[in-house]
Amino acid sequence: MKKYIFPSATVLFSIMILMASCGKEVDKPVAPQFIFKHNVNGFELQKGVMNYTNQSGNPYQVDELQYFISEITLNTTAGNSIPVTADNAIHYVDINIPSTLEWNPKTRLPVTDYSSITFVFGINEAKNKTGLFVNPPERDMFWPDMMGGGFHLMKMNGEWKAEGDTIKPFNFHIGTGMNETGTVFYQNYFTVTLPLNIHTGTLSNVFTITMNIEKWFEAPNVWNWNVTGGQIMQNQDAMHKACENGANAFQVTHEGKDIVYHD
Ligand SMILES: [Cu+2]
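In this text, all values refer to a predicted model and were calculated from it rather than measured experimentally. (Residues numbered from 1 in each chain as written. Predicted model: local features only at pLDDT ≥ 70, side-chain atom pairs only at ≥ 80, totals over all residues.)

### Comments concerning the overall build of the protein chain
As a reminder of what qualifies: A helix here means a DSSP run of H or I that spans at least four residues, while a strand means a run of E at least two residues long, and both kinds are numbered starting from the N terminus. Backbone-placed C-beta atoms define the burial measure: a residue is buried with 20 or more other C-beta atoms within 10 Å of its own, exposed with 12 or fewer, and partly exposed in between. Any pair of residues counts as being in contact when their C-beta atoms, constructed from backbone geometry, are within 7 Å of one another.
In terms of helices and strands, the protein chain carries three helices and 15 strands. Out of the 263 residues belonging to the protein chain, those deemed buried represent 29%. Considering only intrachain contacts with a sequence separation of at least 6, the fraction spanning at least 24 residues in the protein chain is 72%.

Rendered as structure tokens:
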């Protein structure tokens, strides 16, 4: 037996008002898309070519770049925060794995005005524990247990031309730091907030997060591999300085592509 339910006059009236005021369907929440780009001095990174020179005059090249971005949150002009909670709110980026350069989390964004975006570079202390990832490629970011465990926040591997024109490898790796005796550990993840200028109607749901790689070596700490050496995993002072620089390495742009969420 079928039951027919007749909408009340109030409901009908509300629907008519909605239709009249919008002239179209009410905006449905949309799925965000995040695109990750990697530039040096304003141009797309060219891997494996010693085309770059940092402010200390170290010629360098980048061969591999792997890192985590997590806890992305979109902040509305009205003061609400919309967290991207899908996939444990963690995304892995690897310039040698094209599929990681785009993230389509199953999170819905209300169509409204947004004024900023916040994310964690790396993984926060509560989540960054050994065993968090059991499958590659994320698993291969593991950080040794004796050094605090969990996972690298970033691995940037390459080479620089040292004094005497010697080519040396660098492993610009960031993870949990520790003191010399291994009794105190330091978290190196950091939070980035960048302005957005999204107004209802522009429906900007595609966010491009660009890492400007050269910024890791510029300010406030001018990087010199001849001083730090190629390995910084066991050098908390160097990792801390790297992170101070890294806080200036990101920018975000947005555009509308009208990807409507489907269940
Ligand atoms: Cu490492």
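Past the structure itself, the notes keep going.
### Here we look at the nonpolar core
A general trend in soluble globular proteins is that nonpolar side chains are found buried together. Defined as follows: The term nonpolar core means buried Ala, Val, Leu, Ile, Met, Phe, Trp, Tyr and Cys residues held together as one set by C-beta atoms within 7 Å.
Residues Y67, F68, I69, I123, L153 and A242 are the most contacted members of the largest nonpolar core, which totals 51 residues. Of all elements in the fold, only β1 (33-40), β4 (59-76), β6 (90-94), β8 (114-121), β9 (154-162), β10 (166-174), β14 (206-212) and α3 (236-246) reach the threshold of two or more residues within this core. Per element, the largest residue contribution to this core is eight residues, and it comes from β4.

### Here's the deal with the confidence of the model for the protein chain
Convention followed: Scored between 0 and 100, pLDDT is the confidence that the predictor attaches to each residue.
For the protein chain, the mean per-residue pLDDT works out to 89, and 86% of the residues sit at or above 70. Low pLDDT, under 50, characterises residues 17-25; the stretch is placed with one contact to residues that sit more than four places away or in other chains. Segment residues 259-263 is flagged for pLDDT under 50; beyond a separation of four residues in sequence, or across chains, it makes 10 contacts in the model.

### Examining the pairing of β14
For clarity, the threshold we go by: Any two strands with at least two DSSP bridges between them are considered paired.
Residues of β14 alternate between two faces, with F207, I209 and M211 buried on one and V206, T208, T210 and N212 left unburied on the opposite face. Here β1 runs beside β14; their pairing, made up of seven bridges, is parallel. In the strand pairing of β14, H38 is matched with M211. Bridging between β14 and strand β15 (residues 250-255) involves six bridges; their strand directions are antiparallel. From the neighbouring strand, I209 faces β15, where its bridge partner is V252.

### Examining the environment of G158
Tracing the backbone through its elements, the reader meets G158 in strand β9. Here G158 falls in the buried class, since 21 other C-beta atoms lie within 10 Å of it. Separated by 96 residues in the primary sequence, G158 and V62 have C-alpha atoms spaced 4.3 Å apart. Beyond its immediate stretch of four places on either side in the chain, G158 contacts Y60, Q61, V62, D63 and F170.

### Quick notes on the environment of Y114
Along the chain, Y114 falls in strand β8. Overall, Y114 belongs to the buried group, with 25 C-beta atoms counted inside 10 Å. Contacts of Y114, omitting those with residues within four sequence positions, involve L74, N75, T76, T77, L196 and I198.

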